[in-house]
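# Residue-level structural notes
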Amino acid sequence: MIAPFSLVRETLADVAEGEYDRAVVYADAGEETVLHEDPVRIQANGWIELPAERLLSPSSVHHVDVW
């Protein structure tokens, strides 16, 4: 049996996406440049959604620390 693409996409999005109340978004590996602190939503396509519907491009973000 083959699953429809829409079902596979929704399942992968559930796994790849996440919302975090406490996070720090860094622009560099040395953790010197902080782009954002506090709530974020990581979208399945790699974009970081900030409050007030602002977005950070995956190319501008080095990594996100969440706790």
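Before reading further, recall that the structure is shown in the block above.
My aim in this report is to walk through the structure given alongside it, one point at a time.

Rules used throughout
- Going along each chain's sequence as written, the residues are numbered from 1 onward.
- With the structure being a predicted model, the display of local features is reserved for residues of pLDDT at least 70 and the display and counting of side-chain atom pairs for 80 or more, all residues being used for whole-chain, interface and lining totals.
- Values shown for side chains rest on all heavy atoms present in the structure; no hydrogens or waters enter the calculation.
- At least two bridges found by DSSP between two strands are what make those strands a pair.
- A run of H or I in DSSP becomes a helix once it reaches four residues, and a run of E becomes a strand once it reaches two; helices and strands are each numbered from the N terminus.
- For every element, the axis is a line fit to its C-alpha atoms; helices are fit only across the contacting stretch, and the angle between N-to-C directions ranges from 0 to 180 degrees.
- Only buried residues count toward a nonpolar core, which is a set of Ala, Val, Leu, Ile, Met, Phe, Trp, Tyr and Cys residues joined through side-chain atoms within 4.5 Å.
- For every residue, the accessible area (1.4 Å probe, protein chains only) is compared with the maximum for its type, and the residue is labelled buried under 20%, exposed over 50%, or partly exposed between those bounds.
- Two residues qualify as a contact provided that any one of their heavy atoms is within 4.5 Å of a heavy atom in the partner residue.
- For this analysis, a salt bridge means a side-chain nitrogen from Lys or Arg found within 4 Å of a carboxyl oxygen belonging to Asp or Glu.

Let us look at the sheet that holds strand 7 (residues 63–66). Read from one edge of the open sheet, 3 strands run 3-2-7, paired in antiparallel fashion. The sheet is open, and its two edges are formed by strand 3 (34–37) and strand 7, each paired on a single side. Strand-to-strand twist of the sheet, defined as the mean angle between neighbouring strand axes without regard to direction, takes the value 15 degrees. Judged from the 3 bridges that link them, strand 2 (residues 23–26) and strand 3 form a sheet pairing that is antiparallel. Across the sheet, residue Val 25 finds its bridge partner in strand 3, namely His 36.

Moving on: the nonpolar core. Among the nonpolar cores identified, the biggest contains 7 residues, and these are Ala 23, Val 25, Val 40, Ile 48, Leu 50, Leu 56 and Val 61. Broken down by secondary-structure element, the contributors of at least two residues to this core are strand 2 and strand 5 (48–50). With near-sequence residues (within four places) excluded, Val 40 lies in contact with Gly 18, Glu 19, Tyr 20, Ala 23, Val 25, Ile 48, Glu 49 and Leu 50.

Using the criterion set out here, one finds 3 salt bridges in the structure. For the salt bridge of Arg 41 with Glu 17, the shortest nitrogen-to-oxygen distance reads 2.9 Å. Of this pair, Arg 41 sits in strand 4 (residues 40–42) while Glu 17 is found in the loop between helix 1 (5–16) and strand 1 (18–20), placing the two residues 24 residues apart along the sequence. Exposure remark for Glu 17: the relative accessible area of 30% places this residue in the partly exposed category. Glu 49 serves as the salt-bridge partner of Arg 41, at 3.1 Å between the closest nitrogen and oxygen. Judged by relative accessible area, which is 24%, Glu 49 ranks as partly exposed.

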